[in-house]
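# Coordinate analysis (summary)
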Amino acid sequence: MNLALAAALLISMAACTNSPKKEAATTDPATTAAVATATDTTTTLVMTGTFEGTLPAASSEGIRTSLTVNADSTYSYKQEYIGEKDANFETSGIYHLIGKDLIELVTPSSGEKTYYKRVETGYMLSDSLGTVNQGELAEHYILKLR
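### Quick look at the overall build of the chain
When you go through the chain residue by residue, the secondary structure sums to 2 helices and 8 strands. Ordering the α and β elements of the chain from the N terminus gives α-α-β-β-β-β-β-β-β-β. Excluding contacts between residues fewer than 6 apart, the proportion of contacts in the chain whose partners are at least 24 apart in sequence is 30%. Element-wise, carbon and sulfur atoms account for 58% of the exposed surface of the chain, whose accessible area totals about 10,200 Å².

In structure tokens form, the structure reads like this:
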């Protein structure tokens, strides 16, 4: 009986040692760094800059708008209501990146928040969830890279 127990023990040990070994996944640090750098550079270049356009307005011909997004999380936002007297507004402050394509502009003096979603052609005015205008005037809510 001891011989049978010893044989069973040897067989089970042999089964454990002959199991295929899983090789650890390896990642080439140079490849990872290159992808991260390319991604980071693309994000920085695409997300920052000066974007301009004319937004629709009910009370005037439109709102000439300029948004400068800086790499240091600051922005400058200028709006001119076309055809109206003393209707130029300029604010600056900080912005927060929400997700990968939505920025929240925060005006420090008032706490007012404005949202823009990064789209292929520039920044599009949106709500806090990143929902953009899908109507016939949608293209007029886009500020394009200057």
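After presenting the structure, the write-up continues.
### Focus on the environment of Met124
Within the secondary structure, Met124 is located in strand β7 (residues 122-126). Taking the C-alpha atoms as reference, Met124 lies 9.9 Å from Gly53; in sequence the two are 71 residues apart. Beyond its immediate chain neighbours, meaning those up to four positions away, Met124 contacts Tyr115, Tyr116, Lys117, Val119, Val132, Asn133, Ala138, Tyr141 and Ile142.

### Re the packing of aromatic side chains
Applying the stated criterion to the full structure yields 3 aromatic pairs. Plain terms: the ring middles of Phe51 and Tyr123 are 4.8 Å apart, the flat faces sit at 80 degrees to each other, and that makes the pair edge-to-face. You can see Phe51 sitting in strand β1 (residues 49-55) and its partner Tyr123 sitting in strand β7, a full 72 residues away along the chain. On the accessibility criterion, Tyr123 (0% relative accessible area) is buried. Arranged with centres 5.9 Å apart and planes meeting at 90 degrees, the rings of Tyr81 and Phe89 form a pair that is edge-to-face. Classification of Phe89 by relative accessible area gives partly exposed; the value is 48%. The positively charged end of Arg118 is found above the aromatic ring belonging to Tyr123, 5.5 Å away from the centroid.

### Things to note about unusual backbone geometry
Not every positive phi belongs to a glycine, and Ser73 is a case in point at roughly 70 degrees. Its place among the elements puts Ser73 in the loop between β2 (63-69) and β3 (74-81). For Ser73, a relative accessible area of 33% translates into the label partly exposed. Positive phi is not limited to glycine here, since Asp86 has a value of about 50 degrees. In this structure, Asp86 sits in the loop between β3 and β4 (88-98).

### Looking at the pairing of β3
Across 7 bridges, the pairing between β2 and β3 is antiparallel. Within β3, the position partnered with Ser66 by the bridge is Lys78. One ladder, built from 7 bridges, connects β3 with β4; its direction is antiparallel. Among the inter-strand pairings, Glu80 is bridged to a residue of β4, identified as Asn88.

What counts as what
- Residues numbered from 1 in each chain as written.
- Predicted model: local features only at pLDDT ≥ 70, side-chain atom pairs only at ≥ 80, totals over all residues.
- Heavy atoms only, no water.
- Helix = DSSP H or I, 4+ residues; strand = E, 2+ residues; numbered from the N terminus.
- Contact = heavy atoms within 4.5 Å.
- Areas by Shrake-Rupley, 256 points an atom, 1.4 Å probe, with all protein chains shown as cover.
- Phe/Tyr/Trp six-rings, centres within 6.5 Å; stacked < 30°, edge-to-face > 60°.
- Buried < 20%, exposed > 50% of the residue type's maximum accessible area, 1.4 Å probe, protein only.
- Lys NZ or Arg CZ within 6 Å of the ring centre and 35° of its normal.
- Pairing = 2+ DSSP bridges.

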